[in-house]
Amino acid sequence: MAENEDQALDERLKSALWFSIGKIVDEETLKLGVNATPQFIGALTEMVWAQIENVSTDLENFAKHAGRSTISTEDVMLLSRRNEGLEAVLKAYLDKQKVDKSKRPTR
């Protein structure tokens, strides 16, 4: 029974992803004056889904290797190390969060 529930949840999540990707593709194709087929949106959705599965597995494994059951920002930074652009964006965001947190008044 739990396996059926997991499959149903996966299908709902994939449908939501397909819908979101479809909206983004529609917006971009309107801006560019081009067309995108439903097959393109479906293929893009499958590719993004596979990437999400890979990233989530890697993040879970990084946390497990560190002896934790919760994924941390360090795990995300470790994952981003091979993509310099992404790593720079994430580092800048984390640095901004630290500055903003230090500016908040303590109670």
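Under the annotation held in an unreviewed UniProt entry, the chain carries the name Centromere protein S and is attributed to Lepraria finkii. The annotation that UniProt attaches to the chain under Sequence similarities (unreviewed entry) is "Belongs to the TAF9 family. CENP-S/MHF1 subfamily."

S.K.: Outline the pattern of salt bridges, listing residues and values.
M.R.: Summed over the entire model, instances satisfying the criterion amount to five salt bridges. Close ionic contact of E28 with K31 constitutes a salt bridge, the shortest N to O distance being 3.3 Å. Of this pair, E28 and K31 both sit in helix α1 (residues 2-32), separated by three residues, roughly a single helical turn. Note that R68 and D75 form a salt bridge whose closest N and O atoms lie 2.9 Å from each other. Residue class for D75 comes out buried when judged on its relative accessible area of 2%.

S.K.: With reference to specific residues and values, describe a negative patch on the surface.
M.R.: Residues E3, E5, D6, D10, E11 and E53 make up a contiguous surface patch of negative charge. It is α1 that contributes the most residues to the negative patch, five residues altogether. For E5, the position within the fold is in helix α1.

S.K.: Please give an account of the side chain of K14 that cites residues and values.
M.R.: Along the chain, K14 falls in helix α1. At a separation of 3.5 Å, a polar atom in the side chain of K14 contacts the side chain of E46. Those residues within four positions of K14 in sequence are excluded, and the remaining contacts are T45, E46 and W49.

S.K.: Summarise the confidence of the model for the chain; cite the residues concerned and give the values.
M.R.: Taken residue by residue, the chain gives an average pLDDT of 94. The fraction at 70 or more is 97%. Across the chain, helix α2 (residues 38-65) holds the top mean pLDDT of 97, while helix α4 (residues 84-103) sits lowest at 93.

Conventions adopted
- Residues numbered from 1 in each chain as written.
- Predicted model: local features only at pLDDT ≥ 70, side-chain atom pairs only at ≥ 80, totals over all residues.
- Heavy atoms only, no water.
- UniProt positions renumbered as here; feature names shortened; annotations may be inferred.
- Salt bridge = Lys/Arg side-chain N within 4 Å of Asp/Glu carboxyl O.
- Helix = DSSP H or I, 4+ residues; strand = E, 2+ residues; numbered from the N terminus.
- Buried < 20%, exposed > 50% of the residue type's maximum accessible area, 1.4 Å probe, protein only.
- Patch = residues over 30% accessible without salt bridge, like charges linked within 9 Å, V, L, I, M, F, W, Y side chains within 5 Å.
- Areas by Shrake-Rupley, 256 points an atom, 1.4 Å probe, with all protein chains shown as cover.
- Lys, Arg positive; Asp, Glu negative; His and termini not counted.
- Charge placed at Lys NZ, Arg CZ, Asp CG, Glu CD.
- Polar contact = N/O pair within 3.5 Å; in protein donor to acceptor, adjacent residues only side chain to side chain.
- Contact = heavy atoms within 4.5 Å.
- pLDDT = per-residue confidence, 0-100.

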